[in-house]
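Breakdown of the fold
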Amino acid sequence: MAFGRSKRPREPLTETGLLDYAAKSLGARMQSERDLRRKLRDRAEPGPDGVTAVDAVIAKLKELRYLSDERYAADFARLRQENRSLGRRRVQQDLQNKGISSPVIAEALESTYDGVDEVALVRQHIERKRLQPPTDDKSTARILRRLTAAGFSSKSIFTVLRQLRSGEALDTAETALAED
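As the structure is a prediction and not an experimental result, all values here were calculated from the model.

Turning our eyes to something else, we now look at the overall build of the chain. The secondary structure content of the chain amounts to ten helices and zero strands. The order of α-helices and β-strands along the chain, N terminus first, is α-α-α-α-α-α-α-α-α-α. Residues classed as buried in the chain amount to 35% of the 180 residues present. In the chain, once contacts between residues fewer than 6 apart in sequence are set aside, the share between residues at least 24 apart is 66%.

Positionally, Ser-166 belongs in the loop between α9 (154–165) and α10 (170–179). In this structure, the C-alpha to C-alpha distance between Ser-166 and Thr-135, residues 31 residues apart in sequence, is 10.0 Å.

Moving on, we get to the nonpolar core. Nonpolar side chains in soluble globular proteins tend to be buried together. Grouped together as the largest cluster of nonpolar side chains are 26 residues, with contacts concentrated most on Val-91, Leu-95, Ile-100, Ile-126, Leu-147 and Phe-152. Considering each element in turn, this core owes the most residues, five residues, to helix α6 (residues 102–113). Residues Leu-26, Leu-36, Leu-40 and Val-57 belong to the second largest nonpolar core, which totals twelve residues.

With that out of the way, let us pick up the confidence of the model for the chain. Counting all residues, the mean pLDDT for the chain is 88, and 89% of those residues have values of 70 or more. Confidence, expressed as mean pLDDT per element, reaches its minimum in the chain at α10 with 47 and its maximum at helix α5 (residues 88–97) with 96. Throughout residues 172–180 the model reports pLDDT below 50, and contacts reaching past four residues in sequence, or to other chains, amount to eight contacts.

The contact between helix α7 (residues 118–129) and α9 brings their axes to 9 Å, and the two run at 60°. Taken as axis vectors, α7 and α9 run oblique relative to one another. For the element pair α7 and α9, the recorded crossing hand is right-handed. For the pair α7 and α9, contact is made by Glu-118, Val-119, Val-122, Arg-123 and Ile-126 and by Ser-156, Thr-159, Val-160, Gln-163 and Leu-164, respectively. In the contact of α7 with α9, the residues fall into five nonpolar, three polar and two charged.

Here the focus is the packing of α5 against α6. As a packed pair, α5 and α6 sit with axes 10 Å apart at the nearest point and diverge in direction by 150°. Here α6 runs roughly antiparallel to α5, going by the angle between their axes. Crossing geometry of α5 relative to α6 is assigned as right-handed. When α5 is examined against α6, the residues Arg-88, Val-91, Gln-92, Leu-95 and Gln-96 are found in contact with a partner set consisting of Ile-105, Leu-109, Glu-110 and Tyr-113. Taken together, the residues that form the contact of α5 with α6 break down as five nonpolar, two polar and two charged.

Time to look at unusual backbone geometry. Unusually for a residue other than glycine, Arg-65 sits at a positive phi of about 65°. Structurally, Arg-65 can be placed in the loop between α3 (48–63) and α4 (69–83). For Arg-65, a relative accessible area of 61% corresponds to the exposed category. In this structure, Arg-130 is a non-glycine residue whose phi angle is positive, near 55°. When you line up the elements, Arg-130 lands in the loop between α7 and α8 (137–149). We classify Arg-130 as exposed; its relative accessible area is 70%.

Another point: the packing of aromatic side chains. Going through the model one piece at a time under the given rule, you end up with one aromatic pair. Judged by centre distance (5.8 Å) and plane angle (35°), the rings of Tyr-72 and Phe-76 are tilted. Taken as a pair, Tyr-72 and Phe-76 lie in helix α4 at a separation of four residues, close to a single helical turn. A single burial state applies to Tyr-72 and to Phe-76, both of which are buried. A cation over an aromatic ring shows up here: Arg-43 above the ring of Tyr-21, its NZ or CZ 4.8 Å from the ring centre. Above the plane of the ring of Phe-76 lies Arg-80, whose end atom (NZ or CZ) is 4.0 Å from the centre.

Analysis parameters
- Residues numbered from 1 in each chain as written.
- Predicted model: local features only at pLDDT ≥ 70, side-chain atom pairs only at ≥ 80, totals over all residues.
- Heavy atoms only, no water.
- Helix = DSSP H or I, 4+ residues; strand = E, 2+ residues; numbered from the N terminus.
- Buried < 20%, exposed > 50% of the residue type's maximum accessible area, 1.4 Å probe, protein only.
- Contact = heavy atoms within 4.5 Å.
- Core = buried A, V, L, I, M, F, W, Y, C linked by side-chain atoms within 4.5 Å.
- pLDDT = per-residue confidence, 0-100.
- Axes fitted to C-alpha atoms, helices over the stretch in contact; angles between N-to-C directions.
- Parallel < 35°, antiparallel > 145°, perpendicular 65-115°, else oblique.
- Left-handed = near helix turned anticlockwise from the far one by under 90°.
- Nonpolar A, V, L, I, M, F, W, Y, C, P; charged D, E, K, R; others polar.
- Phe/Tyr/Trp six-rings, centres within 6.5 Å; stacked < 30°, edge-to-face > 60°.
- Lys NZ or Arg CZ within 6 Å of the ring centre and 35° of its normal.

This is the structure in structure tokens:
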């Protein structure tokens, strides 16, 4: 016995229904144009009428400035850098997966990561994820993989790993860099 929703097909939405659905969806969470277009396509009438309705809704949302890949990319990059302390490459990959164009990604990353100390960001990520300092080669490799997956450059990763392997605490390393 299944406890989920019944699997009866939904009624296709008209253009006004799609506009309401898109507004509610954007009100709940900011989305890229590609993601919203995919959602709308699932709810629209099949065939060319549905495609034209989706195109009209997307154009109307852009005209009303409810939908903007530039704003989405800038906010996405800023939030990933501030709240999740992710590196530049990881944010770039995530934005590419969201269907954002390369020039828009480059502009968003430039404005977000310009002037950010990546070594400090790596330390912040280590503290946030509560990674233990490496004790042997195996634990060093594990931390290296995690930091690489988080999108940090190898130069910054090795700088922090060298400090951690030498037994230097993160606080001591920060004060040493501040004194330089």
